[in-house]
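Structure assessment
The primary structure of each chain is shown beneath.
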Amino acid sequence: MPPIASILFWVLVAAAAFHAAYASANTSPLIVLYLFALLQLARTDRWRKAFYSGLAFGLLIAVVRLAFFWRVFLGGAAALWVVYAFWIALFVALARLCLGRLGPRWGWLLIPFVWTGLEYFRSELYYLRFSWLNVGYAFAGAPWQGALKLVGTYGVGFLLMSVASAAAFLWQKSRVQSLGLLCLGVGGVCLGGLLCGK
């Protein structure tokens, strides 16, 4: 696939997976596909492509899921949508930097820590405390939400990003193994959540 077609494909996969994961508690495991698609965007040859593809994706999410901002803030909603999208774009650019500077093994290993750090900073330390649309929130109300009780929203995000990173690492070698790992990993998190919830 040409680079721009690949970027557009992964942006659409990420957006579709995110919206599907938030559509129902039963589809929440699809959030791992969103994380996996973000990591595919980090494979671009330039950091600007990674950043702007993450920004475009973040805006696709924010405009739909945070549409109520328009009723509250009118034109100011656009600025808040960009704030949300900026954090997604920053992650994709930093993930690309990890892969470029540290190589694949250490880069894929570091990415879940970068993700969790950015999510925590965005939600707890940043002035706006912009915790909306966190990965762990997709599990709220799901039968496997016991995972939230065990490790919390940041822990669920870390576990799912670890699964997505391992699958992205395998993607170049074997797509079947990569997709199998995604299914097994998210299945393990959901099973752990079911067992903890009982």
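Residues numbered from 1 in each chain as written. Predicted model: local features only at pLDDT ≥ 70, side-chain atom pairs only at ≥ 80, totals over all residues. Heavy atoms only, no water.

Turning our eyes to something else, we now look at the overall build of the chain. Broken down by element type, the chain carries seven helices and zero strands. Secondary structure elements of the chain occur, N-terminal to C-terminal, as α-α-α-α-α-α-α. The C-alpha atoms of the chain give a radius of gyration of 16 Å, which matches the 16 Å a tight globule of 198 residues would have. Summarising its shape, the C-alpha atoms of the chain cover approximately 45 × 45 × 30 Å along the three principal directions. A buried classification covers 47% of the 198 residues belonging to the chain. Nonlocal contacts in the chain, meaning residues at least 24 apart in sequence, comprise 66% of its contacts between residues at least 6 apart. Carbon together with sulfur atoms contributes 70% to the accessible area of the chain, which is approximately 9900 Å² in total. (Helix = DSSP H or I, 4+ residues; strand = E, 2+ residues; numbered from the N terminus. Rg over C-alpha atoms; globule rule 2.2 N^0.38 Å. Buried < 20%, exposed > 50% of the residue type's maximum accessible area, 1.4 Å probe, protein only. Contact = heavy atoms within 4.5 Å. Areas by Shrake-Rupley, 256 points an atom, 1.4 Å probe, with all protein chains shown as cover.)

Next up on the list: the pattern of salt bridges. Under the counting rule described, the total for this entry stands at two salt bridges. With a closest N to O distance of 3.0 Å, Asp45 and Lys49 form a salt bridge. The shortest N-O distance in the salt bridge between Glu119 and Arg122 comes to 3.1 Å. With Glu119 and Arg122 both in helix H5 (residues 76-125) and three residues apart, the pair spans about one turn of that helix. Looking at Glu119, the relative accessible area reads 6%, which means it is buried. (Salt bridge = Lys/Arg side-chain N within 4 Å of Asp/Glu carboxyl O.)

Glancing now at a nonpolar patch on the surface. Taken together, the side chains of Leu102, Trp106, Leu109, Leu110 and Phe113 make up a nonpolar region of the molecular surface, amounting to roughly 540 Å² of accessible area. Positionally, Leu109 belongs in helix H5. With relative accessibility at 49%, the residue Leu109 sits in the partly exposed group. (Patch = residues over 30% accessible without salt bridge, like charges linked within 9 Å, V, L, I, M, F, W, Y side chains within 5 Å.)

Further remarks concern the packing of helix H1 (residues 3-23) against helix H2 (residues 31-41). Two elements in contact, H1 and H2, have axes whose closest approach is 7 Å; the angle formed by their N-to-C orientations is 160°. As far as their axial angle goes, H2 and H1 are roughly antiparallel. For the element pair H1 and H2, the recorded crossing hand is left-handed. Together, Ile7, Trp10, Val11, Val13, Ala14, Ala17, Phe18, Ala21 and Tyr22 of H1 and Ile31, Leu33, Tyr34, Phe36, Ala37, Gln40 and Leu41 of H2 make up the contact between the two elements. Along the lines of polarity and charge, the residues of the contact of H1 with H2 split into 15 nonpolar, one polar and no charged. (Axes fitted to C-alpha atoms, helices over the stretch in contact; angles between N-to-C directions. Parallel < 35°, antiparallel > 145°, perpendicular 65-115°, else oblique. Left-handed = near helix turned anticlockwise from the far one by under 90°. Nonpolar A, V, L, I, M, F, W, Y, C, P; charged D, E, K, R; others polar.)

Our next topic: the confidence of the model for the chain. For the chain, per-residue confidence averages 87 on the pLDDT scale, and 97% of positions sit at 70 or higher. In the model of the chain, helix H7 (residues 175-197) stands out as the element of lowest mean pLDDT, 83, in contrast to H2, which has the highest, 93. (pLDDT = per-residue confidence, 0-100.)

Attention shifts here to the packing of H1 against helix H3 (residues 47-65). Their axes nearest at 10 Å, the elements H1 and H3 cross at an angle of 30°. What the angle tells us is that H1 and H3 run roughly parallel. Read as a crossing pair, H1 and H3 show a hand that is right-handed. Of the residues in H3, those touching H1 at Pro3, Ile7, Val11, Ala14, Ala15, Phe18, His19, Tyr22 and Ala23 are Lys49, Ser53, Phe57, Leu60, Ile61, Val64 and Arg65. Split by residue class, the contact of H1 with H3 holds twelve nonpolar, two polar and two charged.

What follows is about H5. Taking 1.5 Å of rise per residue, 50 residues should cover 74 Å, yet H5 covers just 22 Å from first to last C-alpha, more than 12% shy of that figure. In H5, a bend of some 135° at Gly103 exceeds every other bend along the element, and Pro104, a proline, comes one to four places later. (Expected span 1.5 Å × (residues − 1). Bend = angle between axes of the 7 residues up to and from the residue.)

What follows deals with the environment of Asn26. Along the polypeptide, Asn26 turns up in the loop between H1 and H2. For the pair formed by Asn26 and Trp144, sequence separation is 118 residues and the distance between their alpha carbons is 9.1 Å. Asn26 has contacts with Pro143 and Trp144, leaving out every residue within four places of it along the chain.

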